[in-house]
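Observations on the three-dimensional arrangement
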Amino acid sequence: MGALAAAIAIGLAALGAGLGNGMIVSKTVEGIARQPELKGSLQTTMFIGVALVEAIPIIAAVIAFMVVFQ
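What you see is a predicted model, and the numbers here were worked out from it, not measured in a lab. Counting restarts for each chain: residues are numbered from 1 in the order of the written sequence. Note on the predicted model: pLDDT of at least 70 is required for a residue's local features to be given, and 80 or more for side-chain atom pairs to be given and counted; whole-chain, interface and lining totals, by contrast, use all residues. In computing side-chain values, all of the structure's heavy atoms are included and hydrogens and water are not.

1. Regarding the overall build of the protein chain
Helix and strand content of the protein chain: two helices and zero strands. We compute the radius of gyration from the C-alpha atoms alone; for a globule the expected value is 2.2 Å times N to the 0.38, where N is the number of residues. Its C-alpha atoms give the protein chain a radius of gyration of 16 Å, more than 25% over the compact-globule value 11 Å for 70 residues. C-alpha atoms of the protein chain, sized along the principal axes, occupy 50 × 15 × 5 Å. Residue burial is assigned from relative accessible area. The probe radius is 1.4 Å, only protein chains are included, and a residue is buried under 20% of its type maximum, exposed over 50%, and partly exposed in between. Every one of the 70 residues in the protein chain was classed for burial, and the buried ones make up 19%. Working definition of accessibility: Shrake-Rupley area with a 1.4 Å probe, residue cover restricted to the visible protein chains. Accessible surface, the protein chain as shown: approximately 5,000 Å² in total, 77% of it carbon and sulfur. Under the DSSP-based scheme used, a helix requires at least four consecutive residues in state H or I and a strand at least two consecutive residues in state E, with every element numbered from the N terminus.

Right under this line is the structure:
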């Protein structure tokens, strides 16, 4: 039962991270299209946001391993 819970947790975390990354990148491209002179600062902010969003599946994987191997 723990393995099923871990699989669901990792799957939902990956799904959420994928959707979040897609939204971050799409809004960044939209912002660059509106104000091309802010490209550098928008990209920096985008990379920070993507890194924070990508931390979620990693944390979910660690928690899933803790549940499975408990």
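Further notes follow.
2. Considering the UniProt feature "transmembrane region" (unreviewed entry) in the protein chain
Taking the numbering used here, the UniProt-annotated feature "transmembrane region" (unreviewed entry) corresponds to residues 46-69. Counting secondary structure, residues 46-69 comes out at 96% helix and 0% strand; the distance between its end C-alpha atoms is 35 Å. UniProt positions are given in the numbering used here, feature names are shortened, and annotations may be inferred rather than shown by experiment.

3. Let's talk about the packing of helix α1 (residues 2-34) against helix α2 (residues 39-68)
Where α1 contacts α2, the two axes come as close as 8 Å, and the packing angle between them is 175°. One element, α1, and the other, α2, form an angle in the roughly antiparallel class. Per-class residue counts for the contact of α1 with α2 are 20 nonpolar, six polar and two charged. Note on definitions: angles span 0 to 180 degrees between N-to-C directions of axes, and those axes are lines fitted to C-alpha atoms, for helices only across the stretch in contact. Angular relationships are summarised with four words: roughly parallel below 35 degrees, roughly antiparallel beyond 145, roughly perpendicular across 65 to 115, and oblique for the angles in between. When residue character is reported, Ala, Val, Leu, Ile, Met, Phe, Trp, Tyr, Cys and Pro are called nonpolar, Asp, Glu, Lys and Arg charged, and the others, Gly included, polar.

4. Observations regarding α2
Take the number of residues in a helix, subtract one, and multiply by 1.5 Å to get its expected span. Its 30 residues give α2 an end-to-end C-alpha distance of 44 Å, which sits within 8% of 44 Å, the value for a rise of 1.5 Å per residue. All of the buried residues in α2 are Met46, Gly49, Val53, Pro57, Ala60 and Ala64. In this analysis, two residues are considered to be in contact whenever any of their non-hydrogen atoms come within 4.5 Å of each other. Where the residues of α2 are buried, they touch α1.

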